[in-house]
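# Structural overview
Each chain, written out:
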Amino acid sequence: MLTSNELSLDRKTILVPEKLLDTVFEQSVELDYVLPDYYPDFFRLLSCRAEPMITGRELRDKTLTISLSVKITVWYLAENSPLIQVMTQKLSYQKQLPWQSDCGLEDVRLLITPSPSYLNCRAVNSRRMDIRGAVRIAAQAVGMTRKQILSDVTGMYSHARKIPVQYVSEIRRGEKRCTVSEEIPIPESQPPLLSVLREDITTRITETRCVAGKLVVKGEAMVTVLYTAKDSVETLSCPIALSQIIEMDGLEEGMPCTVTAYAADHLLTTDADSSGDIRTLHLDIQLRYECEAVRTDSEELVTDLYSTVYPITLHSENLSLVTMPQAVKSQSQVKADICQNEREIARVYAVWAAPKDMVLTADGDSGTFVLQGALHCHVLAADAEGMPMLLEHTEPVSIPYAGGGMLPAITVTNCSYMLSSANCVAVSAELTLTDHQLRTTEYSLLTDAEVGGDGTNRICGGTDYALRLYYAQQDESIWEIAKRYHTAADAIMEENDCTEDILPKPQMLLIPIVQ
């Protein structure tokens, strides 16, 4: 047996994606809470929510540790009072997952998506609450395996079939954590704050560019605060400009870069003026920037091979090559009718929605994905006497998704409402799905080739004549015909004035026998 390098094999190392982690787990949440002395007695529950947030991740000794923070928020009413009372408490957890790969976190794309699963709040008495539930965490990780494939083969009367391929040859990843502090004034046109009901922070990146080997990133964090005032519930929105310089090893100008900013945690405090009115908020946001830069290459890769003289054993694999990164963005409208029959709705203060239990499922027939889960909608309203009520509804969601198998970022970019009757509110939410996918294309490529025997074994037949006739059928491949008759495909195409490998119609071919 001749060794493969006697064929003069040229090899190329490519990156092939490998799924390292794809799991979903639940973290139970339990809290036995006693109201502080300065809180009024519990009379009626309005809302009980759990907001999970990933605060850290660490890989050590083949174990991935995920740090999780869960913010519990309870809205309730005291007896004979329309003022919403707010109780908040933060709980911290850690979850450990086995890590089977030798890749470090800097070598993989890790996506951890938390969402509330369920939460039950029970009043033990007028001062004590028993809260139990769970949050859901989806964890996905994709790494890269280096694979050697053939880029050219010469010698031993061999003929190689090659295709041009553009692919990602190197991926650089980086991360930076920082804290952004901002003072948010309440405009004079709005009443002063009594208590914060909820705050929401969404981030977006508007610009990335490479300067002197460093990544300059600009973006925006949109902060929305819902708060109680003396006789109303108010909404305050404030954009915060983001700007960072991030160092990444091996970053060069011209490399496509993607950056995602996450609000890992935040702290919102209030400040009263000399008259005792709260008109200023202090916000500290702990941001985590995740950066990814790629280098691309173009190469002709071998998909098939034969020799006109010697038998050759081929080794091939179906491989998914990472192609150019592609921004994926789509929007969908989700509508829901939320009704209650106890009281008529006189006023709506605010509406909002949040995705819940979102998963990607593959459509086996079309090869596309469907985003399935639910949208949890909230309507904060009041009746004719000014007594608040919170309407909640979970609307099933099923959205076709043109991206890959990683869960995209899901943001509710707009939420509007219309009073459809005295007891019902029609809510319309706009879901925006965004991601920067490293798309893959599957190819059948040769990884090795061997010439059989000791170099004296030759293919029998085909050398006792110089030309033969063959009646080819429509859609036959000239390459396959040449391979069958141990001749050169170029010689057949030249002899018959063919311009394409696939024959458009049946025809008689003259097959010259050449080596």
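Residues numbered from 1 in each chain as written. Predicted model: local features only at pLDDT ≥ 70, side-chain atom pairs only at ≥ 80, totals over all residues. Heavy atoms only, no water.

### A word on the nonpolar core
Just so we agree on the cut-off: Here, nonpolar core refers to any group of buried Ala, Val, Leu, Ile, Met, Phe, Trp, Tyr and Cys residues whose side-chain atoms link them within 4.5 Å. Relative accessible area decides the class of each residue, using a 1.4 Å probe on protein chains only: under 20% of the type maximum gives buried, over 50% gives exposed, and in between gives partly exposed. We count a stretch as a helix when DSSP gives it H or I for four or more residues in a row; a strand needs E for two or more, and each element gets its number in order from the N terminus. Every residue pair with non-hydrogen atoms within 4.5 Å of one another is taken to be in contact.
One finds Leu-21, Val-29, Val-70, Ile-72, Val-74, Met-129 and Ile-131 to be the most contacted residues of the largest nonpolar core, which totals 36 residues. With seven residues, the top contributor of residues to this core is strand β3 (residues 63–77). If we skip the residues at most four places from it in the chain, Ile-72 touches Val-29, Leu-31, Arg-49, Ala-50, Met-87, Thr-88, Gln-89, Leu-91, Leu-119 and Ile-131. Counting 35 residues, the second-largest nonpolar core is a separate cluster that includes Ile-186, Ala-229, Leu-236 and Leu-242.

### Regarding the state of the cysteines
To keep it simple, the criterion reads: The disulfide criterion is simple: two cysteine sulfur atoms within 2.5 Å.
Tallied over the full model, the rule gives one disulfide. Two residues share a disulfide in this structure: Cys-339 and Cys-424, whose sulfurs sit 1.9 Å from each other. Sign of the S-S torsion, about 115° for the bond between Cys-339 and Cys-424, identifies this disulfide as right-handed. Here Cys-339 is found in strand β13 (residues 312–339), whereas its partner Cys-424 is found in strand β18 (residues 424–451), with 85 residues between them in sequence. Using a relative accessible area of 42% as the deciding quantity, one classes Cys-339 as partly exposed. The thiol sulfur of Cys-257 is not disulfide-bonded, and the nearest other cysteine sulfur, from Cys-210, lies at 6.2 Å. With a relative accessible area of 19%, Cys-257 lands in the buried category. Left without a disulfide partner, Cys-377 is nearest to the cysteine sulfur of Cys-415, which lies 6.2 Å away.

### A short note on the sheet that holds strand β8 (residues 195–211)
Convention followed: Here the rule is simple: two strands pair whenever DSSP picks up at least two bridges between them. Interaxial angles span 0 to 180 degrees and are taken between N-to-C directions of axes, which are lines fitted to C-alpha atoms, for helices over the stretch in contact.
In spatial order, the strands read β8-β9-β10; together these three strands make up an open sheet with antiparallel pairing. Of all strands in the sheet, those with a lone pairing partner are β8 and β10 (233–247), marking the two edges. For this sheet, the mean angle separating the axes of adjacent strands, direction not counted, is 15°. Pairing geometry for β8 and strand β9 (residues 214–228), over 15 bridges, is antiparallel. Across the sheet, residue Asp-200 finds its bridge partner in β9, namely Thr-224.

### Notes on the sheet that holds strand β16 (residues 388–401)
Taken in spatial order, the three strands line up as β14-β15-β16 in an open sheet, and their pairing is antiparallel. Each of the sheet's edge strands pairs with one partner strand only, and the pair in question is β14 (347–362) and β16. Taking the axes of each pair of neighbouring strands and ignoring which way they run, one obtains an average angle of 15° across the sheet. When strand β15 (residues 369–382) meets β16, the two strands line up antiparallel, connected through 14 bridges. Bridge pairing in β16 links Ala-382 to Pro-388.

### Examining the packing of aromatic side chains
Heads up, the rule is: Pairing of aromatic rings covers Phe, Tyr and Trp, the last counted by its six-membered ring, and requires centre-to-centre distances within 6.5 Å; plane angles under 30 degrees mean stacked, over 60 mean edge-to-face, and any other angle means tilted.
The tally for this structure, following the rule as stated, stands at six aromatic pairs. Ring geometry for Phe-42 and Tyr-76: centres 5.5 Å apart, planes at 40°, overall tilted. Residue Phe-42 is found in the loop between β1 (9–34) and β2 (44–60), and its partner Tyr-76 is found in strand β3; the two are separated by 34 residues along the sequence. The exposure class of Phe-42 is buried, given its relative accessible area of 15%. Taking relative accessible area as the criterion, Tyr-76 reaches 0% and is therefore assigned buried. A centroid spacing of 6.4 Å and a plane angle of 35° characterise the contact between Tyr-157 and Tyr-310, whose relative ring orientation is tilted. Placement of the pair is Tyr-157 in the loop between β6 (128–153) and β7 (158–185) and Tyr-310 in the loop between β12 (278–307) and β13, with a sequence separation of 153 residues.

### Quick look at the pairing of β6
For β6, a buried count of 19 out of 26 residues is recorded, marking the element as mostly surrounded by other parts of the structure. With 25 bridges joining them, β1 and β6 adopt antiparallel strand pairing. Following the sheet pairing, Pro-17 is matched in β6 by Met-144. Pairing between strand β5 (residues 109–125) and β6: 15 bridges, direction antiparallel. Within β6, the residue paired with Arg-109 across the bridge is Val-142. The turn joining β5 and β6, which pair antiparallel and follow one another in sequence, is formed by two residues.

### Comments concerning unusual backbone geometry
With phi around 60°, Ser-8 is a residue other than glycine that occupies positive phi space. Tracing the backbone through its elements, the reader meets Ser-8 in the segment before β1. The exposure class of Ser-8 is partly exposed, given its relative accessible area of 35%. Even without glycine at this site, Met-156 takes up a positive phi of about 60°. With respect to the helices, strands and loops of the structure, Met-156 is situated in the loop between β6 and β7.

### Concerning the environment of Gly-143
Among the structural elements, Gly-143 can be located in strand β6. Residue classification places Gly-143 among the buried residues on the basis of a relative accessible area of 0%. Measuring from C-alpha to C-alpha, the distance between Gly-143 and Asn-341 comes to 53 Å, with 198 residues separating the pair along the chain. Not counting chain neighbours up to four residues away, the residues in contact with Gly-143 comprise Val-16, Pro-17, Glu-18, Leu-20, Asp-107 and Val-108.

### What to know about the pattern of salt bridges
Oppositely charged side chains are able to pair whenever their charged atoms sit close together. So the rule is basically this: A pair is scored as a salt bridge if a Lys or Arg side-chain nitrogen falls within 4 Å of a carboxyl oxygen belonging to Asp or Glu.
Within this structure, the stated rule accounts for 33 salt bridges. Where Glu-58 meets Arg-60, a salt bridge forms, and the shortest distance between an N and an O atom there is 2.7 Å. Since its relative accessible area comes to 38%, Glu-58 is described here as partly exposed. Assessed through its relative accessible area of 55%, Arg-60 is described here as exposed. Residue Asp-265 pairs with Lys-90 through a salt bridge whose shortest N-O separation is 2.6 Å. In this pair, Asp-265 is assigned in strand β11 (residues 257–272) and Lys-90 in strand β4 (residues 84–98), connecting sequence segments 175 residues apart. Of the residues examined, Asp-265 reaches a relative accessible area of 18% and is grouped as buried. Through salt bridges with shared partners, a single network forms among Arg-57, Glu-175, Arg-177, Arg-288 and Glu-290.

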